[in-house]
Amino acid sequence: MTVVLMLMLAVLLIPIYVGARDQDVWQRMLAFCSIATKTSIMILVIAVIRSDWAIGVVGVLILSLGNAALMLLAHILRRLNEL
Amino acid sequence: MNYLNLLLRLLIWFLLTADLSLANIVIGLAVVLVLPNRKGRATLGDWLRVIGNILISIPLAYVEALEMIFFPHSAEEVTLERVRVNRIPALIFLDIFVITFTPKTIVLNYRDDGYYEVHRVKRQ
Amino acid sequence: MKEFISYTLISLGLVFWLWGTLPLLGKRSVLFKLHSLSVSDTLGSMAITVGLLVHFPADWSLLFLALISLAIWNTILGYVLAFCSRGGQKDG
């Protein structure tokens, strides 16, 4: 399981790099969306390994609320582009 | 009162809370009855067809993902798909969900004249 | 046997993650990257979660909730991103 987490961390480096590098705002949004999902899945894995219910609940909450926040951000960006 | 709608809401409530104690059942019933109800023209057949589509789309999504991995799909196109007439918003939402869930297709826009704009990737 | 199934599912999910995330580095359109991200972030993460579910069945309600919110929210986020990014490009 530790190996799995290491591999996850390695994959997570890709969207972090893209988010830091890319100038286009939509490519950045894609990278952030990817980071949000990957980190919450990692939180879930850690919670299940440690059998810690509280961390797991936090992971599920981030999974749903983080995405909702990104959706709102996307709508605001679209409005700003229309102005 | 639309019994099917209430049943669906109760199911979601029990999945969310994962608790079958009497107090939780009473709270769930209260929440389900208080939430605003909208009358629609959807029949039982419509709902069953959409639920069937969702169940089919899960293995289909994995098959499409494997196809995309083993055969590179590098061409893109935008097509129009017709919506079935007289759909209530909940069913349109579920249609969009099923189309977007499969990785080769994404709904771009739902137009008021009754078409979805679908973006898909193809093999060259 | 249970271990084998669970590790197979988790490795499948990791392969999906890697395959779907690599196109982010390229110079394709936002929509094309969205297709490969839906492979990695929705389907790959669902495979990983199912693998965990096989391995640790005691936490089924938490993992089941994670599975449902993954499927619904990631799909809808994909639709919203596609819709918004195109609206921006059309006007800009």
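The rules behind these values
Numbering of residues begins from 1 in every chain and follows the order in which that chain's sequence is written. A letter from A marks each chain and a number from 1 marks each ligand, given out in the order of writing. Predicted model: local features are reported for residues with pLDDT of at least 70 only, side-chain atom pairs are reported and counted for 80 or more only, and whole-chain, interface and lining totals are derived from all residues. The basis for every side-chain value is the complete set of non-hydrogen atoms in the structure, without hydrogens or water. A helix here means a DSSP run of H or I that spans at least four residues, while a strand means a run of E at least two residues long, and both kinds are numbered starting from the N terminus. Residue burial is assigned from relative accessible area. The probe radius is 1.4 Å, only protein chains are included, and a residue is buried under 20% of its type maximum, exposed over 50%, and partly exposed in between. Multiply 1.5 Å by the residue count of a helix minus one, and that product is the helix's expected span. Note: the arc covers the axis-to-C-beta directions of the helix. Here, residues are in contact when the closest pair of their heavy atoms is within 4.5 Å. A pairing counts as a salt bridge when a side-chain nitrogen of Lys or Arg comes within 4 Å of a carboxyl oxygen of Asp or Glu. Note on bend: the value at a residue is the angle between axes fitted to the seven residues ending there and to the seven starting there. Note on terminology: pairs of cysteine sulfur atoms within 2.5 Å are recorded as disulfides. Note on aromatic pairs: the rings of Phe, Tyr and Trp (six-membered ring only in Trp) are paired at centre separations within 6.5 Å, and the planes decide the class, stacked below 30 degrees, edge-to-face beyond 60, tilted for the rest. Charges are assigned to positions over rings by a cutoff of 6 Å between ring centre and Lys NZ or Arg CZ, combined with an angular limit of 35 degrees from the ring normal.

Student: Residues and numbers for the overall build of chain A, please.
Tutor: Helices and strands together make up the secondary structure of chain A, namely three helices and zero strands. When the helices and strands of chain A are listed from N to C terminus, the series reads α-α-α. If you line up chain A on its principal axes, its C-alpha atoms span 50 × 25 × 10 Å. Sorting the 83 residues of chain A into buried and exposed places 48% on the buried side.

Student: Could you give an account of helix H1 (residues 2-21) of chain C, with specific residues and numbers?
Tutor: Taking 1.5 Å of rise per residue, 20 residues should cover 28 Å, and H1 of chain C covers 29 Å from first to last C-alpha, within 8% of that figure. Those residues of H1 of chain C that sit buried are Ser6, Ile10, Gly13, Leu14, Phe16, Trp17, Gly20 and Thr21 of chain C. Viewed end-on, H1 of chain C has its buried residues packed into an arc of 160°, placing them on one side of the element. On its buried side, H1 of chain C packs onto helix H1 (2-21) and helix H2 (25-49) of chain A, helix H3 (44-70) of chain B together with helix H2 (30-55) of chain C.

Student: Tell me about the arrangement of the chains, and please be specific about residues and values.
Tutor: The chain pair with the greatest number of contacts, out of two pairs of chains in contact, is formed by chains A and C. Spatially, chain A is disjoint from chain B: no contact exists, and the shortest C-alpha separation is 11 Å.

Student: Break down the pattern of salt bridges for me, with residues and values.
Tutor: Residues and elements named next belong to chain B. Under the criterion given, the structure shown has six salt bridges over all chains. Between Glu77 and Lys122 there is a salt bridge; the shortest N-O distance is 3.5 Å. Here Glu77, found in strand S1 (residues 75-82), pairs with Lys122, found in strand S3 (residues 115-122); they are 45 residues apart in sequence, far enough to count as distant. Judged by its relative accessible area of 26%, Glu77 falls in the partly exposed class. You can call Lys122 partly exposed: its relative accessible area is 36%. A salt bridge links Arg120 to Glu81, with the nearest nitrogen and oxygen atoms 2.8 Å apart. Placement of Arg120 in strand S3 and of Glu81 in strand S1 is noted, with a sequence separation of 39 residues between them. Given the relative accessible area of 24%, Arg120 is considered partly exposed. With relative accessibility at 28%, the residue Glu81 sits in the partly exposed group.

Student: Just give me the short version of H2 of chain C, but keep the residues and values in it.
Tutor: All names here are of chain C. Here H2 spans 36 Å end to end across 26 residues, near enough to the 38 Å set by a 1.5 Å rise per residue. Its maximal kink placed at Leu37, H2 deviates by approximately 35°. Extensive coverage of H2 is indicated by the burial of 23 of its 26 residues.

Student: Can you explain unusual backbone geometry? Please cite residues and give values.
Tutor: Positioned with a positive phi, Ser51 of chain A is a non-glycine residue whose angle comes to about 45°. Mapping Ser51 of chain A onto the fold places it in the loop between H2 and helix H3 (53-82).

Student: So what about the state of the cysteines? Which residues, and what values?
Tutor: A covalent bond bridging the sulfur atoms of two cysteines is what the word disulfide describes. According to the stated counting rule, one finds zero disulfides over all chains in the structure shown. The structure places no disulfide on Cys33 of chain A, whose sulfur is separated from the nearest cysteine sulfur, that of Cys84 of chain C, by 13 Å.

Student: Describe the packing of aromatic side chains, and please don't skip the residues or the numbers.
Tutor: Applying the stated rule across the entire model yields four aromatic pairs over all chains. Consider the rings of Tyr110 of chain B and Tyr116 of chain B, whose centres lie 5.7 Å apart with planes at 50°: the pair is tilted. Exposure remark for Tyr110 of chain B: the relative accessible area of 29% places this residue in the partly exposed category. Classification of Tyr116 of chain B by relative accessible area gives buried; the value is 3%. Residue placement shows Arg82 of chain B over the ring face of Tyr115 of chain B; its charged tip is 5.0 Å from the ring centre. A cation over a ring is seen here: Arg28 of chain C above Phe32 of chain C, with NZ or CZ 4.0 Å from the ring centre.

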